[in-house]
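# Residue-level structure breakdown
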Amino acid sequence: LAIWYQWTTRTELPELSKVSVLMRQRNKVENTLRAMQHAGPGTLQVISDFDMTLSRFAHHGKRVPTTHNILDHRLLIDEDCACNMRKLLKIYYPIEIDPSLTSEQKIPLMVEWWTKVHHLLIQQKIQRDMLAQAVQESGVILREGYEVFFDRLAELQVPLLIFSAGVGDILEEVVRQSQVFHPNVHVISNCMDFDANGVLRGFKGPLIHTFNKREGALLLAAPLPELRERPNVLLLGDSLGDLAMADGVARPRNLLTVGFLNDQVEERTESYVEAFDIVLVKDETMEVPNAVLKFIT
Ligand code: C5P
Ligand code: MG
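Before going into details, it helps to say that this report is about the structure given with it.

Reading the values: the criteria
Residues numbered from 1 in each chain as written. Chains lettered and ligands numbered in written order. Predicted model: local features only at pLDDT ≥ 70, side-chain atom pairs only at ≥ 80, totals over all residues. Heavy atoms only, no water. Helix = DSSP H or I, 4+ residues; strand = E, 2+ residues; numbered from the N terminus. Rg over C-alpha atoms; globule rule 2.2 N^0.38 Å. Buried < 20%, exposed > 50% of the residue type's maximum accessible area, 1.4 Å probe, protein only. Areas by Shrake-Rupley, 256 points an atom, 1.4 Å probe, with all protein chains shown as cover. Lys, Arg positive; Asp, Glu negative; His and termini not counted. Charge placed at Lys NZ, Arg CZ, Asp CG, Glu CD. Near = heavy atom within 4 Å. Polar contact = N/O pair within 3.5 Å; in protein donor to acceptor, adjacent residues only side chain to side chain. Nonpolar A, V, L, I, M, F, W, Y, C, P; charged D, E, K, R; others polar. Donors = N, O, S within 2.8 Å, 3.2 Å for Na, K, Ca; no water.

## A look at the overall build of the protein chain
- Assigned secondary structure in the protein chain consists of 12 helices and 10 strands.
- A compact globule built from 297 residues would reach a C-alpha radius of gyration of about 19 Å, and the protein chain, at 19 Å, matches this within 12%.
- Dimensions of the protein chain along its principal axes, counting C-alpha atoms only, are 65 × 40 × 35 Å.
- Counting only residues that meet the buried cut, the protein chain has 53% of its 297 residues in that class.
- Of the roughly 13800 Å² of accessible surface on the protein chain, a fraction of 52% belongs to carbon and sulfur atoms.
- Seen as two clouds, the 31 positive and the 39 negative side-chain charges of the protein chain have centres 2 Å apart.

## Digging into the site of ligand 1
- Close contacts around ligand 1 come from 16 residues, with Asp 49, Thr 66, Glu 96, Ser 164 and Ala 165 the closest.
- Trp 113 is positioned such that a nitrogen or oxygen atom in its side chain is 3.3 Å from a nitrogen atom of ligand 1.
- When residues of the shell around ligand 1 are traced back to their parent elements, those giving at least two are α3 (67-70), α4 (79-96), α5 (103-123) and β5 (160-167).
- Looking at side-chain class alone, the shell around ligand 1 contains seven nonpolar, five polar and four charged residues.

## Description of the coordination of the magnesium ion (ligand 2)
- Binding of the magnesium ion (ligand 2) to the protein goes through Asp 49 (OD), Asp 51 (O) and Asp 238 (OD), at separations of 2.1 to 2.2 Å.
- Note on Asp 51: relative accessible area 12%, which makes it buried.
- Assessed through its relative accessible area of 15%, Asp 238 is described here as buried.

Given below as structure tokens:
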């Protein structure tokens with residue numbers, strides 16, 4: 001059996017042997033992969049975070065904007081608002097990724113950050129018609145190999161749930177402009193609420209931030225009929241908070257979690273390896289998720 005394991009990974013998943021791939025329990029990963037392969041694509045669902053997971057963290061040495069940061073465009077917000085949003089990012093982003101704080105300690109501060117930013121955005125009377133151009137000019141870019149990832153899932157009719165604490169309307173526009181908004185894609189996020197004139201007046205539904213995805217999963221993902229009967233889950237995220245995205249799955253059988261470790265690598269490696277089955281260190285590609293998909297389907 002041991003030889004078989006080695007053969008499986010060495011021959012069919014050489015991507016898992018790259019130095020940027022860390023695994024706490026390689027055997028567990030291999031067992032899960034084989035169980036998922038055996039069960040087939042009809043039992044599979046993929047749940048993925050968006051910002052810094054499907055989108056890149058950096059490209060050509062520059063940070064890639066999150067969906068919130070794409071809104072930092074003169075068509076949408078004025079200089080004053082942009083300045084305030086950047087100030088808030090400087091204060092709260094280090095808290096979001098601080099390995100010395102617990103999620104419980106972070107939660108009230110994340111609520112504060114999101115609430116303040118949404119409030120600033122609403123004051124700007126953002127027009128829905130302008131969002132597409134802002135996305136076009138933002139420099140946002142998905143991870144290398146995203147086409148294969150999205151196209152393969154669509155071809156197999158495997159549902160892909162994109163579960164984001166970002167801004168849903170922007171996220172959807174990025175996916176649309178990347179030409180991968182296939183019918184199997186479902187989005188749960190903070191969606192903008194526009195008035196009859198197409199002017200932003202608020203956000204719909206409960207606020208989703210990085211560390212309350214469990215509540216979102218139970219409330220918003222669990223009822224989706226396309227996902228309910230699929231017990232095998234491939235989960236992708238870049239935050240420890242993303243691990244809760246599968247908490248709404250009714251009868252989970254096999255769960256394989258992949259974590260992109262983009263920032264504060266040294267400080268966070270231990271906690272990521274502890275929490276995710278596969279950790280990808282400073283990897284801006286979909287190479288490993290694509291290899292996993294190829295193997296299990
Ligand atoms: O899609 P995802 O759940 O990753 O979206 C949340 C991300 O958006 C967070 O990781 C956070 O750093 C980022 N964010 C931001 N500006 C805000 C609020 C969140 O860039 N105002
Ligand atoms: Mg993210």
